[in-house]
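# Structural overview
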Amino acid sequence: MSEIKIALIGLGYVGLPLAVEFGKILPVKGFDINKTRISELENGHDRTLETSDEDLAAAKYLTYTSDLDQIRDCNYFIVTVPTPIDKYKRPDLTPLVKASETVGKVLKKGDIVIYESTVYPGATEEECVPVLEKFSGLKFNVDFYCGYSPERINPGDKEHNVTKIKKVTSGSTPEVAKKVDDLYKMIIVAGTHLASSIKVAEAAKVIENSQRDINIAFVNELALIFNKLNIDTHEVLQAAGTKWNFLPFSPGLVGGHCIGVDPYYLTHKAQELGYNPEIILAGRRLNDDMGFYSANRTIKLMIHKGHTIAGSNVLVLGITFKENCPDIRNSRVIDVINELKDFGCNVDVYDPWADPQEVKHEYGVETLPSLANGKKYDAIVFAVAHKEFRELDLLKLKNGNTVLFDIKGTINKNLVDGRL
């Protein structure tokens, strides 16, 4: 173990928990270009809440840096940067390319570069390797090697953390694949699965979230149909769920850095090869429309209760992409907010988990510091199922004729006017 020195590139939701686990047993240098992030971690706190202060302190072999020279002596480089999509829903590999340039500048003979970022099959060898070769002057699979081990982090999930989720591993040669697999076996309690190639591992990752996306799209479509039939979708799913092999999915908004993004990586590659994937893209279109649909359902309910829409006051509860988590990346709650504003509503947003500055920077939305201002609302939209929202005293927020719409279906059915 003493010969292994790891550089972890990118200390976000994925990189930091991994760096901490490796840092408990091996020398690890956590590298991030965000100096504020480095300073925060050096002070022993993770604002993403993925890693506790106690776990940070337990990683006694982990240090942090934004200085490239500090990672030159490392021989394993693990890249965990985001892989987003652009405004045209095409893969944006810029962070991955930049990270590869960074690693390429310090790469030495015998080093291994492992990518964890979600990509389409072939991206590691087609997009990243040429960058590594260019900036290092070294030859792939002669001077340096690559591996791919896709991240499976579920933000906010304290039960299924990095060590308790089985890890898919792969390498650019059989020998390197074994080294990569052995490396992760040191920390992954749940075990590993050694894939036959990097492409297989890349494909496995990208279909995991595509499958979930399609399943959620199916129940979202059911919600559209059952609304027209005046049937409660959640009651239907509860009844159907009594069958042993019925898959338990619920309707809702599909955002975040994975499920709402990863399918576009697969469809992009398919279209490059001349195949237009129908089911995957249909699911994406349907899920992307659920925010607008939820806002329109709310407006219709308000009209039925006699509200004048223009100038009405609406409270949206939650703006993170999922419950009990501060992650706002690709949150589709913004679609609900923007659609309500387009109808002329005055929209307030409250989320005790989200960082107000991040929300302002990312979406241009000012969030309320609290709900103690005494304001009454014509409609309240439960957009995220934070635990705090279940304990709200709704009487203090209602104007007597308030519409309550529950996107997540977590509030008592008898208290709301509508839900997906």
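Below or above, wherever it landed, is the structure these notes cover.

The rules behind the values
Residues numbered from 1 in each chain as written. Predicted model: local features only at pLDDT ≥ 70, side-chain atom pairs only at ≥ 80, totals over all residues. Heavy atoms only, no water. Phe/Tyr/Trp six-rings, centres within 6.5 Å; stacked < 30°, edge-to-face > 60°. Helix = DSSP H or I, 4+ residues; strand = E, 2+ residues; numbered from the N terminus. Buried < 20%, exposed > 50% of the residue type's maximum accessible area, 1.4 Å probe, protein only. Lys NZ or Arg CZ within 6 Å of the ring centre and 35° of its normal. Core = buried A, V, L, I, M, F, W, Y, C linked by side-chain atoms within 4.5 Å. Contact = heavy atoms within 4.5 Å.

## Digging into the packing of aromatic side chains
Per the counting criterion, the structure on display carries 4 aromatic pairs. Measuring from centroid to centroid gives 6.3 Å for Tyr350 and Phe389, while their planes differ by 50°, and the two rings are tilted. Taken together, the residues span a long stretch of sequence, with Tyr350 in strand β10 (residues 346-350) and Phe389 in the loop between β11 (377-382) and β12 (398-406) at a distance of 39 residues. For Tyr350, a relative accessible area of 15% gives the class buried. When the ring centre of Tyr184 is taken as origin, the NZ or CZ atom of Lys167, which lies over that ring, is 4.6 Å away. Seen from the ring of Trp244, Lys243 lies directly overhead, with NZ or CZ sitting 4.6 Å from the centre.

## Points about the nonpolar core
Counting 36 residues, the largest nonpolar core has Phe77, Val79, Val113, Tyr115 and Cys146 as its most contacted members. Looking at this core, the elements with two or more residues in it are β1 (6-9), β4 (76-79), α4 (94-104), β5 (112-115), α5 (123-136), β6 (145-148), α7 (198-228) and α9 (262-272). It is α5 that contributes the most residues to this core, 4 residues altogether. Leaving out residues up to four positions away in the same chain, Tyr115 has contacts with Val79, Leu96, Ser100, Thr124, Cys128, Leu132, Cys146, Gly147, Tyr148 and Ser149. Listed in part, the 33 residues of the second largest apolar core include Leu253, Ile319, Ile328 and Ile407.

Don't take any of this as a statement about function, it's just geometry.
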